[in-house]
Structures are given as structure tokens and as C-alpha cells.
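Close look at the chain arrangement
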Amino acid sequence: MSDIAAGLEAVRDRVRMAAEAAGRDPDGIALLAVSKGQPLEAVRAAIAAGQSDFGENYLQDAGPKLDALDADETLSWHYIGLIQSNKTRRIAARFDWVHTVDRSRIVERLAAQRPPLAPPLNVCLQLRSDDDPRAAGAQRSELPALAAAVAAAPSLRLRGLMTVPPPDPDPEAARPHFRALREAGAELEALGLAIDTYSMGMTADLEVAVSEGATLLRVGTAIFGPRSQQPDR
Ligand SMILES: *Cc1c(COP(=O)(O)O)cnc(C)c1O
């Protein structure tokens, strides 16, 4: 078994155990393999081990992998990086999901630029999780209007919310941020905006995320090992 197959299996075991501890069905928790900074061969190894959803942060780093695997319709590509407005056309054209939408200008551009024959682009809104105004993500008070704009666009499909807690050596430090994401989602549901995705939890804190209701984990290092290539923007 390759290291990557072993890494995937270890992560799936962690998810199963965390789900069991939380009294949740592990089938309700999707695993996104974050392949940023990893070569094409690493993605191929993960595919061979049964992985179908991949997350990328940088268009230049993702491009050659997307090109090489373009013919494989069973794969889903998720854009999880910062969105600059001059990059939205390529994101709308190449990806199946985008997790980091945080302002109305980006909603408008993705909606207009999604190719007409493509299925709707799956959208998660990113909630900013600390008080740093320069951090990525929308404030909670901005989410209802953003979610309504996504839900109203025929070329987009509102799926849910995403967050990246501030780095902290203690995985428990992420818990209040995950809980805040669930609360923000419940607020959208109460407004009649249906969502089915909570994109939260990474290598270090996936157990905490599962116990707080994550439905999609974004895991890189625990599957692929350390990122060897320095992804360039
Ligand atoms: C890199 C990255 C991940 C994966 O992080 P790991 O700690 O390697 O699991 C998840 N989400 C986002 C937004 C990332 O940029």
C-alpha cells in the first residue's frame, strides 16, 4: 500500500471513531483531500485509493492537475483558497465547488461567469472566525444577504458555510469557532435558506469538528504528508 493510501485509511479511521464518539453516522461526513502543494502523482495515488474530492488553494498549482485529470468525470474539484476578483472566471470554469465566497462582488462574478452548460457551481460562504478585519471571510451579519444572493442565482447552488479557525496548537481552541459556524447556519435555516454543508475541520482538529457537526472535512497533511512544493500564487 502506498503512503497516501495508508494516510487516507488512517484519516477514514479517525473520522469513523470521531463519528462513533459523537453518535453520528460517518457516511454523513465527506472527506476532501487537500492536494495543494502536492504533485499530480500524489493525486493519482489518492484516486487509486478511492478518493474523489480534492481541494486546491492556488490556481497555478491546481492548473496542471486539473488539466491532466480533466477527463475523469468522477472527480470533484473544490476551490478553498483566497478569491481575488480577477481569478473568478477560472474558478467558475474549472471547479465544482468553491468554499471561500465572502463578498457580494464575488457572488455576482461567479454567477455571471459560470459556463452556461455547466451544472450549478456549489457554493459555501466563508465565515471569518476571529476579530482580525484583515482575515478572509464574511462577518456573521453579512451571511444572510450573501446566502440569499447565492440561492437566487440559477448558475450557483447554495450548499453551506466554511471556516478556518486561527492557528492554535490546541485543537480544542477551534471548538468555539466550529460552534459559531453551526449557529450561523442555523440562523440561515431559520430564514428559509436551506443548507446541507458545514466545511470545517483539518488535520489537527478534525475530531473536534466532527463532534461539532462538520459534514465536510478538509484534510491535507494527514493524507499526503508534508507539502513538498511551495505553492505559488
Ligand atoms: C491547507 C488547507 C487545509 C488542509 O490543512 P491540513 O492541516 O494540511 O490538513 C484545509 N483547509 C484550507 C482552507 C487549507 O488552506
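Scroll up a little and you will see the structure.
To keep things clear, this report deals only with the structure shown in the data block. Everything numeric in this text was worked out from a predicted model, so none of it was measured. (Residues numbered from 1 in each chain as written. Predicted model: local features only at pLDDT ≥ 70, side-chain atom pairs only at ≥ 80, totals over all residues. Heavy atoms only, no water.)

1. Things to note about the site of the ligand
Around the ligand, 13 residues are found, and the nearest of them are Lys36, Asn57, Thr203, Gly220 and Thr221. Between Thr203 and the ligand, the recorded distance is 2.6 Å, taken from a side-chain N or O atom to an oxygen atom. For the ligand, an oxygen atom lies 2.6 Å from a polar atom in the side chain of Thr221. Protein chains shield 86% of the accessible area of the ligand, which is 390 Å² for the free molecule. Comparing atom positions with the cavity grids shows the ligand to sit within the largest pocket. Counted by class, the shell around the ligand contains six nonpolar, four polar and three charged residues. (Near = heavy atom within 4 Å. Polar contact = N/O pair within 3.5 Å; in protein donor to acceptor, adjacent residues only side chain to side chain. Areas by Shrake-Rupley, 256 points an atom, 1.4 Å probe, with all protein chains shown as cover. 1 Å grid on protein atoms, 1.4 Å probe; cavity = no way out; pocket = protein on both sides within 12 Å on 5 of 7 lines; lining within 4 Å. Sits in = over half its atoms within 2 Å of the grid points. Nonpolar A, V, L, I, M, F, W, Y, C, P; charged D, E, K, R; others polar.)

2. Regarding the nonpolar core
Counting 60 residues, the largest nonpolar core has Val98, Val101, Leu110, Leu125, Leu217 and Ile223 as the members making the most contacts within it. Examining the composition of this core, we find that six residues originate from one element, helix H1 (residues 3–22), more than from any other. Counting seven residues, the second largest nonpolar core, distinct from the first, contains Val34, Ile80, Cys124 and Met162. (Core = buried A, V, L, I, M, F, W, Y, C linked by side-chain atoms within 4.5 Å. Buried < 20%, exposed > 50% of the residue type's maximum accessible area, 1.4 Å probe, protein only. Helix = DSSP H or I, 4+ residues; strand = E, 2+ residues; numbered from the N terminus.)

3. Observations concerning the side chain of Thr100
Its location among the elements puts Thr100 in strand S4 (residues 97–101). One polar contact links the side chain of Thr100 to the main-chain carbonyl oxygen of Gly81, over a distance of 2.7 Å. Every residue in contact with Thr100, bar those within four places of it in the chain, is listed here: Tyr79, Ile80, Gly81, Ile83, Cys124, Gln126 and Met162. (Contact = heavy atoms within 4.5 Å.)

4. Re H1
An α-helix turns once every 3.6 residues. As a result, residues three or four positions apart point the same way. For H1, which comprises 20 residues, the first-to-last C-alpha distance of 28 Å matches the rise-based estimate of 28 Å (1.5 Å per residue) to within 8%. All of the buried residues along H1 are Ile4, Ala5, Gly7, Leu8, Val11, Val15, Ala18 and Ala19. Taken down its axis, H1 places every buried residue within 160° of arc, on the same side. Exposed residues on H1 whose side chains face more than 90 degrees from its buried face are Asp3, Met17, Glu20 and Ala21. Its buried side turned inward, H1 meets strand S1 (30–34), helix H2 (40–48), helix H8 (206–211), strand S8 (216–219) and helix H9 (221–224). Two residues or fewer after H1 comes Gly23, characterised by a positive phi angle close to 65°. (Expected span 1.5 Å × (residues − 1). Arc of directions from axis to C-beta.)

5. Quick notes on the pattern of salt bridges
Summed over the entire model, instances satisfying the criterion amount to 12 salt bridges. For Glu207, the salt bridge is made with Arg14, and the minimal N-O distance between the two is 2.8 Å. Taken together, the positions of Glu207 in helix H8 and Arg14 in helix H1 put the pair 193 residues apart, joining distant regions of the chain. By relative accessible area, Glu207 is classed as partly exposed at 31%. Its salt-bridge partner being Arg94, residue Asp67 comes within 3.0 Å of it at the nearest N-O pair. Pair noted here: Asp67 is in helix H3 (residues 59–68) and Arg94 is in helix H4 (residues 88–94), with a separation of 27 residues, a long-range link. (Salt bridge = Lys/Arg side-chain N within 4 Å of Asp/Glu carboxyl O.)

6. Side note on the packing of helix H6 (residues 143–152) against helix H7 (residues 175–190)
Where H6 meets H7, the closest approach of the two axes is 10 Å, and the angle between their N-to-C directions is 60°. Viewed along their axes, H6 and H7 adopt a mutual orientation that is oblique. Helix-helix and strand crossings are classified by hand; for H6 and H7 the assignment is right-handed. Contacts from Leu143, Pro144 and Ala147 in H6 reach Ala184, Glu187 and Leu188 in H7. (Axes fitted to C-alpha atoms, helices over the stretch in contact; angles between N-to-C directions. Parallel < 35°, antiparallel > 145°, perpendicular 65-115°, else oblique. Left-handed = near helix turned anticlockwise from the far one by under 90°.)

7. With respect to the environment of Leu127
Turning to its location among the elements, Leu127 is positioned in the loop between strand S5 (121–126) and H6. Judged by its relative accessible area of 6%, Leu127 falls in the buried class. Taking the C-alpha atoms as reference points, Leu127 and Gly220, 93 residues apart in sequence, are found 21 Å from one another. Beyond its immediate sequence surroundings of up to four residues, Leu127 is in contact with Gly137, Ala138, Gln139, Arg140, Leu143, Met162, Thr163, Ala180, Leu181 and Ala184.

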